[in-house]
Amino acid sequence: MSVSLRVTTLRACRDILKELRAVKGPGYRRSLGYRYVMDQFRKNQITSEKLCRSQQDLLHQASSYLCLLQSTRLHLSLHAEYHGEGSTREKGLRDVAGMVGLALPTQPGGKGWE
Amino acid sequence: MLRNVLRLYNSLPVGCCPLITIQTQTRQLLECRRTYSSATSERKKFYQDVSISQGEGGVLEINLDRRKLKTPGGKLFTVPNEALAVTVATEWDVQRDTLKFYTMHMTTLCNTALDNPTQRNKDQMIAASLKYLETDTICYRVEEPPGLVQLQKNEWDPVMDWIEKRYNVVIGSSSNIMGPTIPEETKDTFRQHLASYNFWALTGLEYVITQLKSVILSFGLIDQHLTVEKAVQLSRLEEEFQIHQWGNVEWAHEYDLQELRSRTAAGTLFVHLSSESATMKRKFLQDLEFPLPRKPTIKTPLLSKHSHH
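Residues numbered from 1 in each chain as written. Chains lettered and ligands numbered in written order. Predicted model: local features only at pLDDT ≥ 70, side-chain atom pairs only at ≥ 80, totals over all residues. Heavy atoms only, no water.

Under an unreviewed UniProt entry, the name given to chain B is ATP synthase mitochondrial F1 complex assembly factor 2, and the organism recorded is Acipenser oxyrinchus oxyrinchus. Here is the UniProt Sequence similarities (unreviewed entry) comment for chain B, exactly as written: "Belongs to the ATP12 family." (UniProt positions renumbered as here; feature names shortened; annotations may be inferred.)

Per an unreviewed UniProt entry, chain A is named Protein FMC1 homolog, and its organism is Acipenser oxyrinchus oxyrinchus. Quoted verbatim from the Function (unreviewed entry) field of the UniProt record, the comment on chain A reads "Plays a role in the assembly/stability of the mitochondrial membrane ATP synthase (F(1)F(0) ATP synthase or Complex V)." Check the Sequence similarities (unreviewed entry) section of the UniProt entry for chain A; it says "Belongs to the FMC1 family."

Below you can see the structure in the form of structure tokens.
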């Protein structure tokens, strides 16, 4: 089993736990997900010398789960920013135009009828 | 909806009383829509804790406070192994205030596998999945602009070579509107390979194929040749090319990218965790961790001092 495989596995584990902390809050160590992930990585460390194939499997599954957690969190934040409550109608017209990169026209001297 | 009612009516055997049957069929259709419409509206979070418990026959169930989770079809929500149960429980656990069902992809996949709302069997699902092969993203090449042609050659050709070698098939690519003609042996090989997956894994695999719009990329993902991010990037190659040239629009491009990534990742994880090998590997790892006990030694009786041999 190569060192680089072990390093990437550790990094994947650390990133998953970071994601769980970001999404669960302070009590994340007591959550089901945390305990299960730590369990799986510990078990894998014991068997890693014997089965390289299962190490690859675990790495792929871990990176898939990491991608799932990260992308769900980012998708949710983008949704809240652009499609959620208070993201379009409650903002003024000027802010919404700014969101899509446009600016409202300005007229020096004001409009004629004001 | 009236068309559906009429279609149902036309398929009923002759001799049924028409008026009463239409009413019951309409009521059933409305009820079916009501159970599934809960997926679109937002509900407040009505529980504090999420836990997993063992059910009958070795399956696992999800508990929200005291209540057991059910599918939209009304069945009890059960999963075959612990890994799936933990991912589903985590999805429910991380919800705050309101339940956002559109982020709970693993739960949705389990619901689809359990309810089977389109009432299909394995063969129909395999046929539906393989239909995407004829219009596979990787097979469709453009002729201009030259930057995109080169990009497609550099990025998609290695994947095409990999799958042709791995499964010993011929697929090929084309740049005309009809696409490549896939030989029948190729389809048979893939059909045989897909038949080895169980129903849950096939549900996940079909989901991944519909998201990526490519059978070849999905096989690359399932066989662990590609990561999720790489497969999504290859599926969106032309969009990435345009973004590179014209800029990234966060509220459209980034949003679509993250949504596609989350769905594809969920589908891939679902296939891997639903396959038989996941349960077998777990048993194998457990055996290695707890070694088998030694056989007890049988004490032989001491030879007496007064033996006469």
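A. Highlighting the overall build of chain B. The helix and strand inventory of chain B stands at 13 helices and 6 strands. Buried positions account for 40% of the 309 residues belonging to chain B. As displayed, chain B has an accessible area near 18,500 Å², and 55% of this comes from carbon and sulfur atoms. (Helix = DSSP H or I, 4+ residues; strand = E, 2+ residues; numbered from the N terminus. Buried < 20%, exposed > 50% of the residue type's maximum accessible area, 1.4 Å probe, protein only. Areas by Shrake-Rupley, 256 points an atom, 1.4 Å probe, with all protein chains shown as cover.)

B. Seen up close, the packing of helix 3 (residues 82–93) of chain B against helix 4 (residues 105–115) of chain B. All names here are of chain B. Interaxial distance between helix 3 and helix 4 falls to 8 Å at its minimum, and their mutual angle equals 125 degrees. Relative to helix 4, helix 3 is oriented oblique. Where helix 3 abuts helix 4, its residues Leu-84, Thr-87, Val-88, Glu-91 and Trp-92 lie against His-105, Met-106, Thr-107 and Cys-110. Within the contact of helix 3 with helix 4, the residues separate by chemical class into 5 nonpolar, 3 polar and 1 charged. (Axes fitted to C-alpha atoms, helices over the stretch in contact; angles between N-to-C directions. Parallel < 35°, antiparallel > 145°, perpendicular 65-115°, else oblique. Contact = heavy atoms within 4.5 Å. Nonpolar A, V, L, I, M, F, W, Y, C, P; charged D, E, K, R; others polar.)

C. Quick peek at the side chain of B:Thr203. Residue and element names in this part refer to chain B. Within the fold, Thr-203 resides in helix 8 (residues 199–212). Judged by relative accessible area, which is 9%, Thr-203 ranks as buried. Sequence-distant contacts of Thr-203, that is, excluding residues within four places in its chain, are made with Thr-112, Ala-113 and Met-125.

D. Structural context of the interface of chain A and chain B. Taken residue by residue, the interface counts 33 residues in chain A and 42 residues in chain B. Surface buried jointly by chain A and chain B totals about 3,500 Å² across both partners, of which 68% is contributed by carbon and sulfur atoms. When the buried area of chain A at its contact with chain B is split by residue, A:Tyr36, A:His60 and A:His75 rank highest and sum to 19% of it. When the shortest N-O distance is used, the salt bridge between A:Lys24 and B:Asp93 registers 3.1 Å. Counting across the interface, chain A meets chain B through 9 residue pairs in polar contact (both at pLDDT 80 or more). Going through the elements one at a time, helix 1 (3–24), helix 2 (32–47) and helix 3 (52–82) of chain A are the ones with two or more residues in the side of chain A that touches chain B. For the side of chain A that touches chain B, the element with the most residues is helix 3 of chain A, which contributes 18 residues. Considered class by class, the residues forming the side of chain A that touches chain B number 16 nonpolar, 13 polar and 4 charged. (Buried area = accessible area lost by both parts, 1.4 Å probe. Salt bridge = Lys/Arg side-chain N within 4 Å of Asp/Glu carboxyl O. Polar contact = N/O pair within 3.5 Å; in protein donor to acceptor, adjacent residues only side chain to side chain.)

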